[in-house]
Amino acid sequence: MPISLTIRRLLSIQPVDLPVFHPIALKLIHLLSDCNFTIDELASTANDDQALAGQILNMANSSSYSGRVKVETIKDALIRLGAHHVSNLAMAASQAALHASHNGTVNAIMQELWLHSHGCAVGCRWVAMNTGHRGLAEQAYLAGLLHDVGKLYLIKALERITNTGVALAALERELLLEIFGELHVEQGTRLMEHWSMPAVYRAAVDKHSGEHFDPDDMVLVIVRLVNAATRTCGLSLGAGPDRPLVEFPEAARLGMSEQQFTELGKVLEASRSVSFLPAPA
């Protein structure tokens, strides 16, 4: 059943700049879109928020992201891991912190959303690295991380609405899932356009589900396939796919084998243990 016109209207008048992106993480992404950036400029930007800088270093030194040589400073991380990798860690660390609420129902769903988004990010990077698209690995990671940002926006907008005493039923799980299904792509695309995010990430938000997609956009192809893969291992709010992943056109486009899907499943399962689940602030 379509969501009520009242809830849709209330959502339509919510500000587009609700906190779904950290300003420092956004600034890093935009700096990287300019070929004239410097390591010192990136390090200075990241260090503008010491809490975020600490989270970046924590993730950078985890076994899932680096693990071989400990990095002590943001500049050290930029030099050893690369600018795009560290920028992605900044976005991941800040996104993790945003997926938290004092409302028990909301917090539970936010943490499920975070596990899904983080799993997609890690899975997308692995697929890119293992299907001949190593050069797209960092873009694939960030696209996977952000593809469902519309859901985070919607749940924060609904929480803001219900805090005023209106539409309290909107935070019930079944209605939330219905709202996600109808509006998350629309609202996610609106967000990406408002924040002038690069086209590769806008496409991942706009076209990660649905029948039609550009088969030549390999980052999008990867995101779509990994998004489906998360539904086979309980890392998604949605039901599992209706056919084996190897039969997906995205799988054929990437040349994915049954063995690779088995390995991808292991990567997705392992992502749970390094997801840095947030606690309510």
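Look a little higher up for the structure.
Here the structure is a predicted model, which is why all the values come from computation and not from measurement.

K.L.:
Describe the environment of Q260, listing the residues and the values that go with them.
P.N.:
With respect to the helices and strands, Q260 occurs in helix α14 (residues 258-271). Taking relative accessible area as the criterion, Q260 reaches 18% and is therefore assigned buried. C-alpha of Q260 to C-alpha of H85: the two residues are 175 residues apart in sequence and 24 Å apart in space. Leaving out residues up to four positions away in the same chain, Q260 has contacts with W126, N130, T131 and G255.

K.L.:
Can you lay out the nonpolar core for me, pointing to particular residues and giving the numbers?
P.N.:
With 98 residues, the main nonpolar core has L11 and L145 as its most contacted residues. With 13 residues, the single largest contributor to this core is helix α7 (residues 104-130). Leaving out residues up to four positions away in the same chain, L145 has contacts with M91, A92, Q95, W114, S117, H118 and A121.

K.L.:
Which residues make up the side chain of H22, and what values go with them?
P.N.:
With respect to the helices and strands, the residue H22 is situated in the loop between α1 (5-12) and α2 (23-32). When near neighbours in sequence (up to four residues on either side) are disregarded, H22 contacts D49, L52, S94 and L98.

K.L.:
Account for the pattern of salt bridges, naming residues and giving values.
P.N.:
Tallied over the full model, the rule gives 11 salt bridges. Here D40 and K75 are joined by a salt bridge, their closest N and O atoms 2.8 Å apart. Here D40 is found in helix α3 (residues 39-46), whereas its partner K75 is found in helix α5 (residues 74-81), with 35 residues between them in sequence. A residue is classified by how much of its surface remains accessible, and D40, at 47% relative accessible area, is partly exposed. Among the charged side chains, a network of salt bridges with common partners joins R8, E182 and E186.

K.L.:
A description of the packing of α3 against α5 should follow, citing residues and the corresponding values.
P.N.:
Across the interface, α3 lies against α5 with an axial gap of 9 Å and an inter-helix angle of 135°. Viewed along their axes, α3 and α5 adopt a mutual orientation that is oblique. α5 is crossed by α3, and the crossing has right-handed handedness. Together, I39, D40, L42, A43 and A46 of α3 and I74, K75, L78 and I79 of α5 make up the contact between the two elements. In the contact of α3 with α5, the residues fall into 7 nonpolar, no polar and 2 charged.

What counts and how
Residues numbered from 1 in each chain as written. Predicted model: local features only at pLDDT ≥ 70, side-chain atom pairs only at ≥ 80, totals over all residues. Heavy atoms only, no water. Helix = DSSP H or I, 4+ residues; strand = E, 2+ residues; numbered from the N terminus. Buried < 20%, exposed > 50% of the residue type's maximum accessible area, 1.4 Å probe, protein only. Contact = heavy atoms within 4.5 Å. Core = buried A, V, L, I, M, F, W, Y, C linked by side-chain atoms within 4.5 Å. Salt bridge = Lys/Arg side-chain N within 4 Å of Asp/Glu carboxyl O. Axes fitted to C-alpha atoms, helices over the stretch in contact; angles between N-to-C directions. Parallel < 35°, antiparallel > 145°, perpendicular 65-115°, else oblique. Left-handed = near helix turned anticlockwise from the far one by under 90°. Nonpolar A, V, L, I, M, F, W, Y, C, P; charged D, E, K, R; others polar.

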